[in-house]
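Given next are the chains, with one letter for each unit.
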Amino acid sequence: MSYSNIKYLYFLIFLLYCAPFVILGQDAYLLIHDTLDSNHSWATVLKNSGLYFAPSTQVIPSLAPLPRHAISFHEFDFISLLYYFFKPFTAYSINFILMHIIAFAGFFLFATKALNYKNNYITLGCALCFSLLPFWPFSNLSVAGLPLLLYVFHQVYHREKLIFHFFILFLFSSYSSLILSGFVYIVLLGAIYICLLLKYKKPQIPFLTALIIYIGSSVLCNYRHFLNLIDPVFISHRSGFNPSTYTFSESIESFLSVLIKSHYHFSSLQGTSIIISIVLAALTYTTFKNKDLKNFKTIGFAVCVILITSMFFALWKNDFFYENIRSKILLLKMFNFSRLITLQPLAWGLAFLASLTYLAKLKKIKYVVPLLILIQIIYSFRMSDFVQNYKKEKITYRQFYDKKMFNEVKNYIDPQYKTLSLGIHPSIALFNGFNCADFYIPNYPMEYKKQFIRASQPEISKNKKIYNYVMNWGSRLYLFSSEAGINFTKSNKNSIDNLEINRTMFKEMGVRYIFSKYKINNGYKLIKHFNDNEFYWKIYLYEI
């Protein structure tokens, strides 16, 4: 097959990967964890509240109420602009497709322009495989855009189209998370600049200018966070976190898990073709005469990055490391260096590229290279959000939010009062325009957490696992049932015999209604059971 035909084939594969959004629309299977159960609803409620540009202290009435600062979307975030100008599903779809396009283009440009790999089916195939990784949708370019970021700094170092690349840096800052990966990238780029300075004894003005622009635009795009450091809007519930730590054996297990399976939010899908190609390259290096130093330097460097970042991730929660090192060094207290793991998807991708390029030069083995690329592509489809959510959850975007049912619910309740959700994610009610007292928010006032726990304590104290989950973490401030347990989405229970909450306290918080997946058998007034066949959720609407 000619290279031009291979390019068309790769393009068709990429279109197929993105096809569910176009073909199925809202009947597509999308990621729920940390996505539909949280970020997607936050962005939607922020737009609907009209508080997009509001001060950080202004309260969002439909959310608890919590101040604007509790929602991490800022007005300079590109993802926020998508939700501001488009309908929620359309914004999600554009973001998903754009992320993967940029991942492909960035990897290809970095490999061909910065690392001088040939423009051939291997480089293009590895770029495609990188673009098909299941990037967490709300990480935006934090991981998917790393090759593009490195390519831009490479071009700036060589003084290529400086103004254009400075503008790309600003857009990158707007379309990535400073907290998730930005701090790590800034530290690493700063270290690269210092190395260049020491090596060439020159100030490297373009590179330094690019670094300042990247830092400055990151601060601008996250200005609410920095203002909050100066004048906190509230004392965060995060101040009460009781971090869990690992024993030595658990740290070893964590290290091996990340090394072989990768991290959930920063998946590299290295478990099949990538590891096989690296092992094959290593085995043949001592067998064949072709000593390809360039590719083996790339493999060696990538593997070192993978091992070091895996070690940092495992050590970060190790009890000895936490007590004796991390808790005593200011830099380690300020920055979460376990986020170095965001480097792994690119490192695995480059190791794959170098391994395949080397193997393609060996007459007896080169025919296995297209097969390894094909296996990796098939594995990427199998591990996609669409397929995984279909296999595990079997719930579509339309079913998850079930707008038809919740539109009918609005005919039976007074919208001025707040609601609680039992057995379903509160983000569903929030997305549908209800005022929610419960939520999944990673940063909110400690005082509200204490208030909510006092009201729900009679119930959660009956289940030690739920109690510790809420007390030690609490970002999912849900109405839990001790009978249904923490993993309520997997519960087969149809009814709850005894839900013990302090109804008076919840009423004082403005709560009047409960959306329950279960029938509650101890004295709650049932308003209506919504169980039509056209509804996905079969919800009991109770008055407290």
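Residues numbered from 1 in each chain as written. Predicted model: local features only at pLDDT ≥ 70, side-chain atom pairs only at ≥ 80, totals over all residues. Heavy atoms only, no water.

Asks: Sorry if this is basic, but what is going on with the overall build of the chain here?
Replies: For the chain, the helix and strand inventory stands at 26 helices and 10 strands. Computed over the C-alpha atoms, the radius of gyration of the chain is 25 Å, within 12% of the 24 Å expected from 2.2 N^0.38 for a compact globule of 544 residues. In terms of overall dimensions, the chain has C-alpha extents of about 80 × 50 × 50 Å along its principal axes. Expressed as a percentage of the 544 residues in the chain, the buried residues total 53%. Partitioning the contacts of the chain with sequence separation of at least 6, the portion at a separation of at least 24 is 72%. Approximately 25,000 Å² of the chain is accessible, and the part contributed by carbon and sulfur atoms is 63%. Taking the 53 positively charged and 27 negatively charged side chains of the chain as two groups, their mean positions are separated by 13 Å. (Helix = DSSP H or I, 4+ residues; strand = E, 2+ residues; numbered from the N terminus. Rg over C-alpha atoms; globule rule 2.2 N^0.38 Å. Buried < 20%, exposed > 50% of the residue type's maximum accessible area, 1.4 Å probe, protein only. Contact = heavy atoms within 4.5 Å. Areas by Shrake-Rupley, 256 points an atom, 1.4 Å probe, with all protein chains shown as cover. Lys, Arg positive; Asp, Glu negative; His and termini not counted. Charge placed at Lys NZ, Arg CZ, Asp CG, Glu CD.)

Asks: What is the right way to look at the pattern of salt bridges in this model?
Replies: Opposite charge on two side chains makes pairing possible when the charged atoms of those side chains draw close. Enumeration over the complete set of coordinates arrives at nine salt bridges. Note that Glu-500 is salt-bridged to Lys-462, the shortest N-O span being 3.2 Å. Of the two residues, Glu-500 sits in the loop between strand 6 (495-496) and helix 26 (503-508) while Lys-462 sits in the loop between helix 24 (446-460) and helix 25 (464-472), which places them 38 residues apart along the sequence. When its relative accessible area of 38% is taken as the criterion, Lys-462 is described as partly exposed. Taken together, the shared-partner salt bridges connect Arg-68, Glu-75 and Arg-224 into one network. (Salt bridge = Lys/Arg side-chain N within 4 Å of Asp/Glu carboxyl O.)

Asks: Mind showing me how you'd approach the packing of helix 14 (residues 273-285) against helix 18 (residues 344-359) here?
Replies: In helix packing, the relevant descriptors are the interaxial angle and the interaxial distance, both defined with respect to the helix axes. At a minimum axis distance of 9 Å, the contact between helix 14 and helix 18 shows a crossing angle of 45 degrees. One finds that helix 14 runs oblique with respect to helix 18. Between helix 14 and helix 18 the crossing geometry is left-handed. From helix 14, Ser-273, Ile-274, Ile-275, Ser-277, Ile-278, Leu-280, Ala-281, Thr-284 and Tyr-285 reach across to helix 18, where they touch Trp-348, Ala-351, Phe-352, Ser-355, Leu-356, Tyr-358 and Leu-359. Looking at the contact of helix 14 with helix 18 residue by residue, the classes come out as 12 nonpolar, four polar and no charged. (Axes fitted to C-alpha atoms, helices over the stretch in contact; angles between N-to-C directions. Parallel < 35°, antiparallel > 145°, perpendicular 65-115°, else oblique. Left-handed = near helix turned anticlockwise from the far one by under 90°. Nonpolar A, V, L, I, M, F, W, Y, C, P; charged D, E, K, R; others polar.)

Asks: I would appreciate a short explanation of helix 11 (residues 205-221) in the present structure.
Replies: For the α-helix, the turn length of 3.6 residues means that residues three or four positions removed from each other point alike. Taking 1.5 Å of rise per residue, the 17 residues of helix 11 would be expected to cover 24 Å, and the 24 Å separating its terminal C-alpha atoms lies within 8% of that figure. Within the span of helix 11, buried status applies to Pro-206, Phe-207, Ala-210, Leu-211, Tyr-214, Ser-217, Ser-218 and Cys-221. The buried side chains of helix 11 occupy one side of the element, clustering within an arc of 140 degrees when seen end-on. In this structure, the buried residues of helix 11 make contact with helix 8 (146-157), helix 9 (162-174), helix 10 (178-200) and helix 12 (223-230). (Expected span 1.5 Å × (residues − 1). Arc of directions from axis to C-beta.)

Asks: Any chance you could explain the sheet that holds strand 7 (residues 511-516) here in plain terms?
Replies: Pairing between the strands of a sheet comes from backbone hydrogen bonds, and it takes one of two forms, parallel or antiparallel. Across the sheet, which stays open at both edges, the four strands sit in the order 3-7-10-9 with mixed pairing between neighbours. Each edge of the open sheet is held by one strand with a lone partner, namely strand 3 (418-422) and strand 9 (525-530). Averaged over all pairs of adjacent strands, the angle between strand axes in this sheet comes to 25 degrees, irrespective of strand direction. Here strand 3 pairs with strand 7 via five bridges, running parallel. Its bridge partner lying in strand 7, Leu-420 is registered against Ile-514. (Pairing = 2+ DSSP bridges.)

Asks: Help me understand the packing of helix 15 (residues 293-316) against helix 18 in this model?
Replies: Remark: helix 15 packs on helix 18, axes separated minimally by 8 Å, with the N-to-C direction vectors making an angle of 155 degrees. What the angle tells us is that helix 15 and helix 18 run roughly antiparallel. Between helix 15 and helix 18 lies a crossing whose hand is left-handed. Residues Asn-295, Phe-296, Thr-298, Ile-299, Ala-302, Val-305, Ile-306, Thr-309 and Ser-310 of helix 15 pack against Gln-344, Ala-347, Trp-348, Leu-350, Ala-351, Ala-354, Ser-355, Thr-357 and Tyr-358 of helix 18. Class assignment for the residues of the contact of helix 15 with helix 18 results in 11 nonpolar, seven polar and no charged.

Asks: What exactly am I supposed to notice about the nonpolar core here?
Replies: The nonpolar side chains of a soluble globular protein tend to be buried with one another. Ranked by internal contacts, the top residues of the largest apolar core, which has 174 residues, are Ile-514 and Phe-515. Sort the elements by how many residues they give to this core and helix 5 (residues 88-114) lands first, with 12 residues. (Core = buried A, V, L, I, M, F, W, Y, C linked by side-chain atoms within 4.5 Å.)

Asks: Even after reading the chapter, I still don't get a positive patch on the surface, so can you show me in this structure?
Replies: A grouping of Lys-47, Lys-87, Lys-403 and Lys-410 is seen on the molecular surface, where their side chains present a positively charged patch. Tracing the chain through its elements places Lys-47 in helix 3 (residues 39-49). (Patch = residues over 30% accessible without salt bridge, like charges linked within 9 Å, V, L, I, M, F, W, Y side chains within 5 Å.)

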